[in-house]
Amino acid sequence: MTKSRKRMIGAAAGAGLCAIARLLVVIGYCFYLTHWGSQTGKSSELTIYWFALISALIGIPIGALAGRTCEPSLGAVIGGALSGGTCFGLFVLPGEFMLALVENSESKSAEVWEIFFAFVPMVFAGAWAGGIGAAIGRNAGSVSKAGH
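Given the structure is predicted, the values throughout are model-derived calculations rather than measurements.

Parameters and conventions
Residues numbered from 1 in each chain as written. Predicted model: local features only at pLDDT ≥ 70, side-chain atom pairs only at ≥ 80, totals over all residues. Heavy atoms only, no water. Helix = DSSP H or I, 4+ residues; strand = E, 2+ residues; numbered from the N terminus. Buried < 20%, exposed > 50% of the residue type's maximum accessible area, 1.4 Å probe, protein only. Contact = heavy atoms within 4.5 Å. Areas by Shrake-Rupley, 256 points an atom, 1.4 Å probe, with all protein chains shown as cover. Phe/Tyr/Trp six-rings, centres within 6.5 Å; stacked < 30°, edge-to-face > 60°. Patch = residues over 30% accessible without salt bridge, like charges linked within 9 Å, V, L, I, M, F, W, Y side chains within 5 Å. Salt bridge = Lys/Arg side-chain N within 4 Å of Asp/Glu carboxyl O. Core = buried A, V, L, I, M, F, W, Y, C linked by side-chain atoms within 4.5 Å. Expected span 1.5 Å × (residues − 1). Bend = angle between axes of the 7 residues up to and from the residue. Polar contact = N/O pair within 3.5 Å; in protein donor to acceptor, adjacent residues only side chain to side chain.

J.: How would you summarise the overall build of the chain if you had to cite specific residues and measurements?
T.: Each helix and strand counted, the chain has four helices and zero strands in total. Scanning the chain from its N terminus toward the C terminus, one meets helices and strands in the order α-α-α-α. Across the 148 residues of the chain, 34% fall into the buried class. The long-range share in the chain, meaning contacts at least 24 apart out of those at least 6 apart in sequence, stands at 79%. With the model as given, the accessible surface of the chain reaches about 8,700 Å², and the carbon-plus-sulfur share is 71%.

Rendered as structure tokens:
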């Protein structure tokens, strides 16, 4: 199998895995916020699904770039960095700027930790998807047919 075909398979696997992983992280995080966190009962299901869909769409090019490397360790680093970078730029920084406007310091520290615990799983989701997508791309075509 040619290297470009392996890269294409790795990119497709990484894109799909990263989209699914980021979708699950957002749904899990929103479930946490609405059931146990400081935002209990304040989000509608439609909002949660909208954010999850956006996160999954962002995960498609991240996973594709990471999986395209066909090197699992490099794919994990690229996937984690890009996934964490987009989460930081689109969620953590705006969240921190909004918290700076809040005057209650007790709620600020609790929400800072909640934002941090959204960031860390997003990094792991990208790293996991990038590493596995790259491994799938590297091993594409190396499975021998049974009986031949």
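J.: Give me the packing of aromatic side chains: which residues, what numbers.
T.: Under the criterion given, the structure shown has two aromatic pairs. Seen in terms of ring centroids, Tyr29 and Phe91 are 6.0 Å apart; in terms of plane orientation they differ by 85°. Their pairing is edge-to-face. Here the residue Tyr29 occupies a position in helix H1 (residues 3–35), and Phe91 occupies one in helix H3 (residues 72–100), the gap between them amounting to 62 residues. Here the aromatic rings of Phe88 and Phe119 are separated by 5.9 Å at their centres, their planes lie at 65°, and the arrangement is edge-to-face. In this pair, Phe88 is assigned in helix H3 and Phe119 in helix H4 (residues 105–139), connecting sequence segments 31 residues apart.

J.: Can you tell me about a nonpolar patch on the surface, naming the residues and giving the values?
T.: On the surface, a nonpolar cluster with roughly 590 Å² of combined accessible area is contributed by Trp50, Phe51, Leu53, Ile54, Leu57 and Ile60. Relative to the helices and strands, Ile60 is located in helix H2 (residues 45–67). By relative accessible area, which is 39% here, Ile60 ends up partly exposed.

J.: Explain the nonpolar core residue by residue, including any values.
T.: Soluble globular proteins tend to pack their nonpolar side chains together in the buried interior. Counting residues in each nonpolar core, the largest one holds nine residues, listed as Ala21, Val25, Val26, Cys30, Ile48, Ala52, Cys87, Met122 and Ala125. Looking at this core, the elements with two or more residues in it are H1, H2 and H4. Looking at this core element by element, the count peaks at four residues for H1. Not counting the four nearest positions on each side in its chain, Val25 is found in contact with Ala118, Pro121, Met122 and Ala125.

J.: Run through H3, naming residues and quoting values.
T.: Its 29 residues place the ends of H3 39 Å apart at the C-alpha level, agreeing with the 42 Å of an ideal helix rising 1.5 Å per residue. At Phe88, H3 shows its largest kink, close to 45°. Within H3, burial applies to Gly75, Gly79, Gly80, Ser83, Gly84, Cys87, Val92, Gly95 and Leu99.

J.: Got a sec to walk through the environment of Ala125? Specific residues and values, please.
T.: With respect to the helices and strands, the residue Ala125 is situated in helix H4. Given a relative accessible area of 7%, Ala125 falls into the buried group. The sequence separation of Ala125 and Ser83 amounts to 42 residues, and the corresponding C-alpha distance is 7.5 Å. Setting aside its immediate chain neighbours within four residues, Ala125 contacts Ala21, Arg22 and Val25.

J.: Lay out the side chain of Thr69 in plain terms, naming residues and giving numbers.
T.: Here Thr69 is to be found in the loop between H2 and H3. At 2.9 Å, the side chain of Thr69 and the backbone oxygen of Ala66 are in polar contact. Leave out the neighbours within four places in its chain, and Thr69 touches Arg7, Leu74, Gly75, Ile78 and Ala134.

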